Amino acid sequence: MHLDIITPDKKVYNGEATSVILPGTEGQFQVLNRHAPLVSTLGRGSVVVDTGAAKQTYVIDGGVVEVLNNTVLVLAEAVL
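Right, let's walk through the structure included here. From a predicted model like this one, the values you see are computed outputs, not experimental measurements.

With respect to the pattern of salt bridges
And step 1. A complete count under the given rule lists one salt bridge for this structure.
And step 2. Among the salt bridges present, the one from Arg44 reaches Asp61, with a minimum N-O distance of 3.9 Å. One end of the pair, Arg44, is in strand E5 (residues 38-50); the other, Asp61, is in strand E6 (residues 55-68), with 17 residues separating them in the sequence.
And step 3. Take Asp61: its relative accessible area is 35%, and that puts it in the partly exposed class.

Overview of the pairing of E5
On any regular strand, side chains alternate: one points to one face of the sheet, the next to the other face.
And step 1. As defined by bridge partners, strand E3 (residues 19-24) adjoins E5 across four bridges and the pair is classed as antiparallel. When the bridges of E5 are listed, Ser19 appears paired with Asp50.
And step 2. Both E5 and E6 contribute to a ladder of twelve bridges, which runs antiparallel. When the bridges of E6 are listed, Ser46 appears paired with Val59.

Here we look at the environment of Lys55
And step 1. Its place among the elements puts Lys55 in strand E6.
And step 2. Distance in space between the C-alpha atoms of Lys55 and Ile21 is 11 Å, their sequence separation being 34 residues.
And step 3. Among residues more than four places away in sequence, those in contact with Lys55 are Val48, Val49 and Asp50.

Brief notes about the sheet that holds E5
And step 1. The strand order across the open sheet built from seven strands is E2-E1-E7-E6-E5-E3-E4, with neighbouring strands paired in mixed fashion. Because the sheet does not close on itself, it has two edges, and the strands there are strand E2 (11-16) and strand E4 (27-32). Geometrically, the sheet is characterised by an average inter-axis angle of 30° between neighbouring strands, direction not taken into account.
And step 2. Across six bridges, E3 lies against E4 in antiparallel orientation. Following the sheet pairing, Gly24 is matched in E4 by Gly27.

The rules behind the values
- Residues numbered from 1 in each chain as written.
- Predicted model: local features only at pLDDT ≥ 70, side-chain atom pairs only at ≥ 80, totals over all residues.
- Heavy atoms only, no water.
- Salt bridge = Lys/Arg side-chain N within 4 Å of Asp/Glu carboxyl O.
- Helix = DSSP H or I, 4+ residues; strand = E, 2+ residues; numbered from the N terminus.
- Buried < 20%, exposed > 50% of the residue type's maximum accessible area, 1.4 Å probe, protein only.
- Pairing = 2+ DSSP bridges.
- Contact = heavy atoms within 4.5 Å.
- Axes fitted to C-alpha atoms, helices over the stretch in contact; angles between N-to-C directions.

Structure representation (structure tokens):
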């Protein structure tokens, strides 16, 4: 799936991922390939991006996520 992590200042991540773990306001959740459409608010916490070859972690300060057509768009308030 394609993943974009964007803040008001810059694009933090743009690429392919096999899974993404996100800090939802009601708890942590994971998005995998071909996930059902989803829109959720995000709290402060870690976004863990698994590319299959490596894992990257970004700490965000809240935001929203949209999952649609095997694309994940994370609009983060800030990356700490």
